[in-house]
Amino acid sequence: MSRILLLSPHTDDVELGCGGSVAKFIERGDEMLWLAFSVAEDSLPQGMPKDTLAREFEKVVQRYGLGEEQREILGFRVRHMSEHRQEVLDHLVRVRSQFRPDIVIGPSLHDYHQDHQVVANEMVRAFKASASIISYELPWNNVRFDDQLFVTLTEEHMRKKWEALQIYRSQLMKDRTYFEEEFVYGTARMHGVQCNERYAEAFEVIRWRI
Ligand SMILES: [Zn+2]
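First, a word on what this report is: a plain description of the structure on this page. (Residues numbered from 1 in each chain as written. Predicted model: local features only at pLDDT ≥ 70, side-chain atom pairs only at ≥ 80, totals over all residues. Heavy atoms only, no water.)

With that out of the way, let us pick up the overall build of the protein chain. The helix and strand inventory of the protein chain stands at seven helices and seven strands. Seen in sequence order, the protein chain has helices and strands lined up from the N terminus as β-α-β-α-β-α-β-α-β-β-α-α-α-β. Taken over the C-alpha trace, the protein chain has a radius of gyration of 16 Å; the compact-globule value for 210 residues is 17 Å, and the two agree within 12%. Based on the C-alpha atoms only, the size of the protein chain along its principal axes is roughly 45 × 45 × 35 Å. A buried classification covers 54% of the 210 residues belonging to the protein chain. Contacts in the protein chain between residues far apart in sequence, at least 24 positions, make up 79% of those at least 6 positions apart. Averaging the positions of the 27 positive and the 34 negative side-chain charges in the protein chain gives two centres separated by 3 Å. (Helix = DSSP H or I, 4+ residues; strand = E, 2+ residues; numbered from the N terminus. Rg over C-alpha atoms; globule rule 2.2 N^0.38 Å. Buried < 20%, exposed > 50% of the residue type's maximum accessible area, 1.4 Å probe, protein only. Contact = heavy atoms within 4.5 Å. Lys, Arg positive; Asp, Glu negative; His and termini not counted. Charge placed at Lys NZ, Arg CZ, Asp CG, Glu CD.)

Of all hydrophobic cores here, the largest spans 43 residues; its most connected members are Leu6, Val22, Trp34, Tyr64, Ile105 and Phe203. Of all the elements, helix α1 (residues 13-27) adds the most residues to this core, at six residues. Other than its neighbours up to four places away in sequence, leucine 6 contacts Val14, Val22, Met32, Leu33, Trp34, Leu35 and Ile105. Formed by 21 residues, the second largest nonpolar core is a distinct cluster that contains Phe37, Leu89, Phe99 and Ile133. (Core = buried A, V, L, I, M, F, W, Y, C linked by side-chain atoms within 4.5 Å.)

All right, on to the pattern of salt bridges then. Summed over all chains, the structure comprises eleven salt bridges. The salt bridge partner of glutamate 122 is arginine 125, with a shortest N-O separation of 2.7 Å. One end of the pair is glutamate 122 and the other is arginine 125, both in helix α4 (residues 114-127) and three residues apart, which spans about a single turn. In this structure glutamate 122 comes out as buried when scored by relative accessible area, which is 1%. (Salt bridge = Lys/Arg side-chain N within 4 Å of Asp/Glu carboxyl O.)

Spelled out as structure tokens, the structure:
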């Protein structure tokens, strides 16, 4: 059993990048803590309540069968995280001493979304000497990605990922192409072919401790 820390700059990043793996980790009994740094109040379709993404995230966490103590929503403003880099690091250092994760999963160092860059860099700064660190894949943000580690997935894991993504009505309304079924299943099928399984999610390895 591992203690796994999930880092989501915005509420939907972990589900998109590794939502199938999260289902697999929960199924095998790993202890999870899921941090969402921003609920992206400024990125919602016009007229939607400001807490829409926070409520959608709560539903996702419940759908995965996690309790309130296994998730934390932080109030950083979307696209302004670089102004609060030290606060992000301070929070991660607190989590390091309280939760003591074995594995930390966050965005890639090659992810060029401005908020994702902050979380990726502070993740390495905080955990490089204490935990294994891996990065999930978000192809629309990454300028490159090395398929170094695979988590193999069943139909059931993919169904859970797909159902979690369906909860983000506010993002589906914006016709984001990376929420399309063809893309979600196609990417997982491609990585499945790479490791002779039906489906898989790929990760970059920043640090690995055994
Ligand atoms: Zn994001």
